[in-house]
Amino acid sequence: MTTEQPTATITTSNALAARELEWAKNTPELLSEHATINHGIIRTRFPPEPNGYLHVGHAKSMNMNFRLAFEKLGVPVEQRRTIFRYDDTNPDAESPEYIDSLRRDLEWLGWTPERTTYSSDNFQTLYELAVKLIKKGLAYVCDMTKAEMEAQRDLAKRRSAAMAVGKDPDAEAPIPSADILPGRNRDTSVERNLKMFEEMKLGLHDEGSMTLRLKMDFESANPNMYDLVAYRIRYTPHPHAGKGWCIYPNYDFTHGICDSLERVDYSICTLEFETRREPYYWILWALDMYRPKVYEMSRLNLEYTVLSKRRLLKLVDAHYVRGWDDPRMPTISGLRRRGYTKEIINKFCNDVGATRAMNVVQMDKLSQVARLTLADTTRRAMTVLEPIKVVIGNFAEVTAAAGEGGLTFDVQNSPTDASLGSHSVTLTETIYMDSDDFRLDEDPNFYRLTPGKPVGIKYHGGNLVCDKVIKNGKKVTELKCHLDISEGRKKPKSYITWVPSDGLPCEVRVYNHLFTEPEPSDRWEEELNSESEIVHPNAMIDPSVISLVDKKGLDKWKSNQALQFERLGYFVLDIDTTFDSTTKEGKLVFNRTVSLKEDKAVVKKDDAESEQKRRRAEQQRNAAAARDKLLTIDPKDLFKMAPEYEGKYSKFDDTGLPTHLADGTEVTKSAKKKLEKERTKHAKKFAKSKK
């Protein structure tokens, strides 16, 4: 059987058309068999690897595989099927915790799969198919080291590049030894490879000593065709399959076969897998199995966050965040804990859609979907984040003037939807206002309370006048005031919210962007926002919410009670809450989901926010200064003089490339390659700065 690289052509036969290959063509027999089995059903699959928690990018994939793909194809609802598959071929990175979280997040988002499968359930079949490839002379057991494989791959790439421009590969990239290219094991006998693969399965060889590789095409322009590894040895129990295996199939070998076995029609992935199309179809062609259609869409890139599993894991392991469900994380669990409902996330994914165009989606789009959704469903409550005690000196007069209705006011839960009901708030002699609503200094652009400027009290309507300021050091702790309820009083320019004396103490966590840069760079850890979580431990909330915020109703796997804090934003009850509404004991914790639209009537900028912006600007200036300084360093001195590499290396070669770490350990070949890439990038920037 030959493995000649066919000419790629484009098909436009349907809405999910993409680059086509000769290997992708099904025989009439395979097409007939598939049609008979599926009976008109069109099937997709959602196959995450359980090596972390699902994130908003997976939500986009779910939306595509469970809904949008069918709509694009015009498939009737009754003919739509989607499989939820755990792509669990790497036991070193997977765990029962991740397996459980994937299922729960999918269910919470409202998707119902046709069935749930595991790639690991096909381990025996995959093994048998690997044996079939060996018998056909299309797979072999290889004992090349990782370094040798890297050298082999690099040599093949250079030879392919030479051929692509009409040059002689033997002159541009001569083969030093057949042991490297095509490799000392590639042309060994079927008998030898069957025997050694069985030995691998029986655990007779060390981890890393041998792999099973596919005999593909070293002359291909696609490096993914350079004899991919199909199996490797791992003495790690599998979280689902147990201890029965010590050889595990790789992703590229597994997922196409599972697609075919599960009778999938459309295998949808993201564009970074576009170059995996060749091995996907080569494997199915070599095994004479049904070939699903593959479609690659752009991945979701969202501002001010990262979606790389490796980086998300680093955020958790380095304790930059509270965990996978931290409200700053782009995980489904994190978004849910922050107060984003499934309706918000699914609506956002609908709006983003699915195309092949690469783009970065503004975080504001997600925030705006949240605002529009929560505005129609959340109940209002007055809250103060940094309380100042206010004593109303003429409270008896105010009470007497109130008449029969008293100082208890009926407030609609929603300003626009009376069907959501109402709640009561009572003005008391002592109330609490937010420190942001008071300033000692007069400012014509500040429309809230100052010693010389009254402010309206929401729901009561009187003008609050400051008579005396009590401070503890520089901090204002109490205001002695009176309420002007006289007829003909001047109408205030703004009204403030407040909490009565029996308000409930709570902790409020205000969340901002996780990163200071819209598109975090390779130095993403330096771009983390130190103000991404601002905690107000002494906040207070209107006591009318008491029946809504009991710990009994909390569940990390569902949307918890959401509230609109008037003038502050939309908030959600956090799972750290221990409050008992019966005893009024325990801690109340709220997370800000999203802010309200900017109040254009109030020009004053919050002092804490101003300080936060000042710090952020200072961080950005420092980062810019560090970048400018870096551009003064000659590329040959980069690893000796750049602050980020200071003290890391002890020896260097003639070009300045590190050869030994600070402890004397020799730098690995792969590490040298990465350092060389870093230096090349720096050299380009260095040269550009000198122009």
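Predicted model only: the values in this text are computed from it and were never measured.

### What to know about the side chain of arginine 85
1) Next: Inspection of the secondary structure assignment puts arginine 85 in strand S4 (residues 80–86).
2) Next: Since its relative accessible area comes to 0%, arginine 85 is described here as buried.
3) Next: Among residues more than four places away in sequence, those in contact with arginine 85 are Arg45, Phe46, Pro47, Pro48, Thr117, Tyr118, Ser119, His255, Cys258, Asp259, Glu262 and Val264.

### Looking at the sheet that holds strand S23 (residues 495–496)
1) Next: A sheet is described by the order of its strands in space; here 7 strands give the open sequence S23-S20-S21-S22-S16-S19-S24, paired in mixed fashion. Either end of the sheet is taken by a strand with one partner, and the two such strands are S23 and strand S24 (499–500).
2) Next: With 2 bridges joining them, strand S20 (residues 455–457) and strand S21 (residues 463–472) adopt antiparallel strand pairing. Residue pairing in the sheet places glycine 456 in a bridge with asparagine 463 of S21.

### Here we look at the nonpolar core
1) Next: Core analysis: the largest hydrophobic core is formed by 42 residues, its most contacted members being Phe197, Leu212, Leu214, Tyr231, Phe253, Ile257 and Trp282.
2) Next: Counting residues per element, the ones that place at least two in this core are helix H4 (123–135), strand S6 (139–142), helix H8 (190–202), strand S7 (211–214), strand S8 (229–233), strand S9 (247–249), helix H9 (251–261) and helix H10 (277–287).
3) Next: Core analysis: the second largest hydrophobic core is formed by 33 residues, Ala59, Leu307, Val369 and Val594 among them.

### Here we look at the pattern of salt bridges
1) Next: Under the definition given, this model contains 49 salt bridges.
2) Next: The shortest N-O distance in the salt bridge between aspartate 100 and arginine 104 comes to 2.9 Å. Of this pair, aspartate 100 and arginine 104 both sit in helix H3 (residues 96–108), 4 residues apart, which is roughly one turn of the helix.
3) Next: The shortest N-O distance in the salt bridge between arginine 115 and glutamate 114 comes to 3.5 Å.
4) Next: A residue is classified by how much of its surface remains accessible, and arginine 115, at 33% relative accessible area, is partly exposed.
5) Next: Residue classification places glutamate 114 among the partly exposed positions, given a relative accessible area of 33%.

### What to know about H10
1) Next: Burial runs high along H10: 11 of the 11 residues are buried.
2) Next: If you check which residues of H10 are buried, you get Arg277, Glu278, Pro279, Tyr280, Tyr281, Trp282, Ile283, Leu284, Trp285, Ala286 and Leu287.
3) Next: In this structure, the buried side of H10 is in contact with strand S2 (19–20), H4, S7, H9, strand S10 (266–270) and strand S11 (293–297).
4) Next: Following H10 by one or two positions, aspartate 288 adopts a phi angle in the positive range, close to 55 degrees.

### Considering the packing of aromatic side chains
1) Next: On inspection of all chains with the given rule, the structure shows 23 aromatic pairs.
2) Next: Here tryptophan 23 and tryptophan 285 contribute two aromatic rings whose centre-to-centre distance is 6.1 Å and whose plane-to-plane angle is 40 degrees, an arrangement assigned as tilted. Here tryptophan 23, found in the loop between S2 and helix H1 (28–38), pairs with tryptophan 285, found in helix H10; they are 262 residues apart in sequence, far enough to count as distant.
3) Next: For the pair phenylalanine 84 and tyrosine 86, a centre-to-centre distance of 4.8 Å together with 50 degrees between the ring planes defines the contact as tilted.
4) Next: Since its relative accessible area comes to 2%, tyrosine 86 is described here as buried.
5) Next: These aromatic residues form a ring-pair network of at least three members: Phe123, Tyr127, Phe197, Tyr231, Trp245, Tyr248 and Phe253.
6) Next: Positioned above the aromatic ring of tryptophan 108, the side-chain terminus of arginine 336 is 4.8 Å from the ring centre.
7) Next: Its guanidinium or amino end placed over the ring of phenylalanine 652, lysine 640 lies 5.2 Å from that ring's centre, counting from NZ or CZ.

### Remarks on the sheet that holds S8
1) Next: Here we have 4 strands laid out as an open sheet, ordered S6-S7-S8-S9, and antiparallel in their pairing. The open sheet has two free edges, formed respectively by S6 and S9, since each of these has just one partner strand. Each strand of the sheet is rotated relative to its neighbour by a mean of 20 degrees, with strand direction disregarded.
2) Next: On the sheet, H9 packs against S7, S8 and S9 and is oriented at approximately 60 degrees with respect to S9.

### Quick word on the pairing of strand S16 (residues 387–392)
1) Next: Sheet topology note: the S16/strand S19 (residues 430–434) ladder contains 5 bridges and is antiparallel. Following the sheet pairing, proline 387 is matched in S19 by aspartate 434.
2) Next: Of the strand pairs in this sheet, S16 and strand S22 (residues 475–484) are connected by 4 bridges, and their pairing is parallel. Residue pairing for S22: valine 391 is matched across the bridge by lysine 480.

### A word on the confidence of the model for the chain
1) Next: Across the chain, pLDDT averages 92, with 93% of residues at or above 70.
2) Next: In this model, residues 1–13 is a region of pLDDT below 50 whose contacts with residues beyond four sequence positions or in other chains number 30 contacts.
3) Next: Every residue in residues 598–606 scores below 50 in pLDDT, and together they form 14 contacts with partners more than four places removed in sequence or on other chains.

### Examining a positive patch on the surface
1) Next: A cluster of basic side chains, namely Lys146, Arg153, Lys157, Arg310, Lys669, Lys673, Lys674 and Lys677, defines a positive patch on the protein surface.
2) Next: Of all the secondary structure elements, the ones that give two or more residues to the positive patch are helix H5 (146–164) and helix H18 (669–690).
3) Next: Of all the elements, H18 adds the most residues to the positive patch, at 4 residues.
4) Next: Its place among the elements puts lysine 674 in helix H18.
5) Next: Taking the relative accessible area as the measure of exposure, lysine 674 reaches 62% and is therefore exposed.

### Focus on the pairing of S7
1) Next: Burial along S7 is two-sided: the residues Thr211 and Arg213 and Leu212 and Leu214 are all buried.
2) Next: Pairing of S6 with S7, which is carried by 4 bridges, proceeds in the antiparallel orientation. Its bridge partner being in S7, tyrosine 140 is matched across the sheet by arginine 213.
3) Next: The sheet contact formed by S7 and S8 spans 3 bridges and is antiparallel. Across the sheet, the residue bridging to threonine 211 is arginine 232, located in S8.

### Looking at the environment of valine 465
1) Next: Within the fold, valine 465 resides in strand S21.
2) Next: With 13 residues separating them in the primary sequence, valine 465 and glycine 452 have C-alpha atoms 8.0 Å apart.
3) Next: If we ignore the near neighbours within four places in the chain, the residues touching valine 465 are Pro454, Lys480, Cys481, His482 and Asp484.

### Quick look at the environment of glutamate 97
1) Next: Structurally, glutamate 97 is set in helix H3.
2) Next: With 45 residues separating them in the primary sequence, glutamate 97 and glycine 52 have C-alpha atoms 8.6 Å apart.
3) Next: Polar side-chain contacts of glutamate 97 include one of 2.7 Å to the side chain of tyrosine 53.

Rules of the game
- Residues numbered from 1 in each chain as written.
- Predicted model: local features only at pLDDT ≥ 70, side-chain atom pairs only at ≥ 80, totals over all residues.
- Heavy atoms only, no water.
- Helix = DSSP H or I, 4+ residues; strand = E, 2+ residues; numbered from the N terminus.
- Buried < 20%, exposed > 50% of the residue type's maximum accessible area, 1.4 Å probe, protein only.
- Contact = heavy atoms within 4.5 Å.
- Pairing = 2+ DSSP bridges.
- Core = buried A, V, L, I, M, F, W, Y, C linked by side-chain atoms within 4.5 Å.
- Salt bridge = Lys/Arg side-chain N within 4 Å of Asp/Glu carboxyl O.
- Phe/Tyr/Trp six-rings, centres within 6.5 Å; stacked < 30°, edge-to-face > 60°.
- Lys NZ or Arg CZ within 6 Å of the ring centre and 35° of its normal.
- Axes fitted to C-alpha atoms, helices over the stretch in contact; angles between N-to-C directions.
- pLDDT = per-residue confidence, 0-100.
- Patch = residues over 30% accessible without salt bridge, like charges linked within 9 Å, V, L, I, M, F, W, Y side chains within 5 Å.
- Areas by Shrake-Rupley, 256 points an atom, 1.4 Å probe, with all protein chains shown as cover.
- Lys, Arg positive; Asp, Glu negative; His and termini not counted.
- Charge placed at Lys NZ, Arg CZ, Asp CG, Glu CD.
- Polar contact = N/O pair within 3.5 Å; in protein donor to acceptor, adjacent residues only side chain to side chain.

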